[in-house]
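# Understanding the architecture of this molecule
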Amino acid sequence: MKPLFGFLLGSAALLASCSAPKQDDAAAAVDVKSLNQQFIGAWNAKNTAALDTLLADDVQYAQGATRYNGKSEVSDKWVRATLGTIADLKLYGTSAGTDANTAYEAGTFSTEVLPEAPGQPSGEGEGNFILLWKKNKKNAWKLSYVQLEGLPVKISN
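Think of each chain on its own: its residues are numbered from 1, step by step along the sequence as written. In view of the model being predicted, local features appear only for residues whose pLDDT reaches at least 70, and side-chain atom pairs are presented and counted only at 80 or more, with totals across whole chains, interfaces and linings using the full set of residues. For side-chain calculations, the full set of non-hydrogen atoms in the structure is used, while hydrogens and water are omitted.

### Side note on the pairing of strand S2 (residues 66-69)
For two strands to count as paired, DSSP must find a minimum of two bridges between them. A run of DSSP states H or I qualifies as a helix once it reaches four residues; a run of E qualifies as a strand once it reaches two. Both are numbered from the N-terminal end. The pairing of strand S1 (residues 55-63) with S2 spans four bridges and is classified as antiparallel. Residue pairing across strands places Tyr 61 opposite Tyr 68, the latter belonging to S2. The turn joining S1 and S2, which pair antiparallel and follow one another in sequence, is formed by two residues; a positive phi near 60° is taken by Gly 64.

Dropping the structure here:
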């Protein structure tokens with residue numbers, strides 16, 4: 001009787017492991033670099049309408065002591081206030097991760113800092129970044145969190 005009980009118990013465990021729900025890898029897989037390139041492409045094209053569609057309603061922005069919360073504040077105080085001051089934004093990812101509902105990339109960025117007035121030199125900006133994306137209720141990926149830590153701007157030659 002003991003061998004039969006062991007066989008039944010082992011069979012039950014095997015069946016349970018085979019019938020466990022599998023995560024849909026296609027649903028979990030998102031190319032975070034592609035999401036970031038959509039954002040960077042819209043930024044470099046100075047397309048505020050496209051940038052607004054990529055922001056989550058509850059997006060958060062952090063840079064040093066500066067914090068903005070919500071799509072309206074982030075769009076007004078960061079995107080629109082900064083968009084005309086930089087050009088050729090580039091990201092260089094060093095770490096990334098994704099699951100079914102979130103995706104992030106972190107690394108360094110570089111950008112051209114435009115002169116504030118005619119005759120003034122342009123600059124080169126660089127620093128660290130993290131962009132966190134989340135799926136919203138409609139399964140659309142939206143930028144949920146942005147953190148930038150810039151180094152002092154260097155004058156371009």
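### Things to note about the environment of Ile 40
By the secondary structure assignment, Ile 40 is in helix H3 (residues 32-44). The spacing of Ile 40 and Leu 91 is 51 residues in sequence and 8.1 Å in space, taken between C-alpha atoms. Contacts between residues were defined by any pair of non-hydrogen atoms, one from each residue, lying within 4.5 Å. If near-sequence neighbours (up to four positions away) are discounted, Ile 40 is found in contact with Leu 89 and Leu 91.

### With respect to the packing of aromatic side chains
Pairing of aromatic side chains requires ring centres within 6.5 Å, counting the rings of Phe and Tyr and the six-membered ring of Trp. Pairs whose planes differ by under 30 degrees are stacked, by over 60 edge-to-face, and all others tilted. According to the stated counting rule, one finds five aromatic pairs in the structure shown. For the pair Trp 43 and Trp 78, a centre-to-centre distance of 5.1 Å together with 35° between the ring planes defines the contact as tilted. Residue Trp 43 is found in helix H3, and its partner Trp 78 is found in helix H5 (residues 71-83); the two are separated by 35 residues along the sequence. For the pair Trp 43 and Trp 78, a shared accessibility class is recorded, and that class is buried. Between the aromatic rings of Tyr 61 and Tyr 68, the centroid separation amounts to 5.5 Å while the plane-to-plane angle is 15°, which identifies the pairing as stacked. Only protein chains enter the area calculation, which uses a 1.4 Å probe; residues under 20% of their type maximum are buried, those over 50% are exposed, and those in between are partly exposed. The exposure class assigned to Tyr 68 is buried, which follows from its relative accessible area of 17%. Here a set of aromatic residues connected by ring pairs shows up, and it is made of Phe 39, Trp 43, Tyr 61, Tyr 68 and Trp 78.

### Some details on unusual backbone geometry
A positive phi angle, close to 55°, is found at Lys 46, a residue other than glycine. Relative to the helices and strands, Lys 46 is located in the loop between H3 and helix H4 (48-54). Residue Lys 46 is classed as partly exposed on the basis of its relative accessible area of 38%. A positive phi angle is found at Asp 88, which is not glycine, with a value near 55°.

### Quick look at the side chain of Glu 105
Structurally, Glu 105 can be placed in strand S4 (residues 102-113). Residue classification places Glu 105 among the buried residues on the basis of a relative accessible area of 4%. A polar side-chain atom of Glu 105 sits 2.6 Å from a polar atom in the side chain of Asn 36. If we ignore the near neighbours within four places in the chain, the residues touching Glu 105 are Val 32, Lys 33, Asn 36, Gly 93, Ser 95, Ala 96, Phe 129, Ile 130 and Leu 131. Whenever two N or O atoms come within 3.5 Å, that pair is a polar contact, provided that in protein one can donate a hydrogen and the other can accept it, and provided that, for residues adjacent in sequence, both atoms are side-chain atoms.

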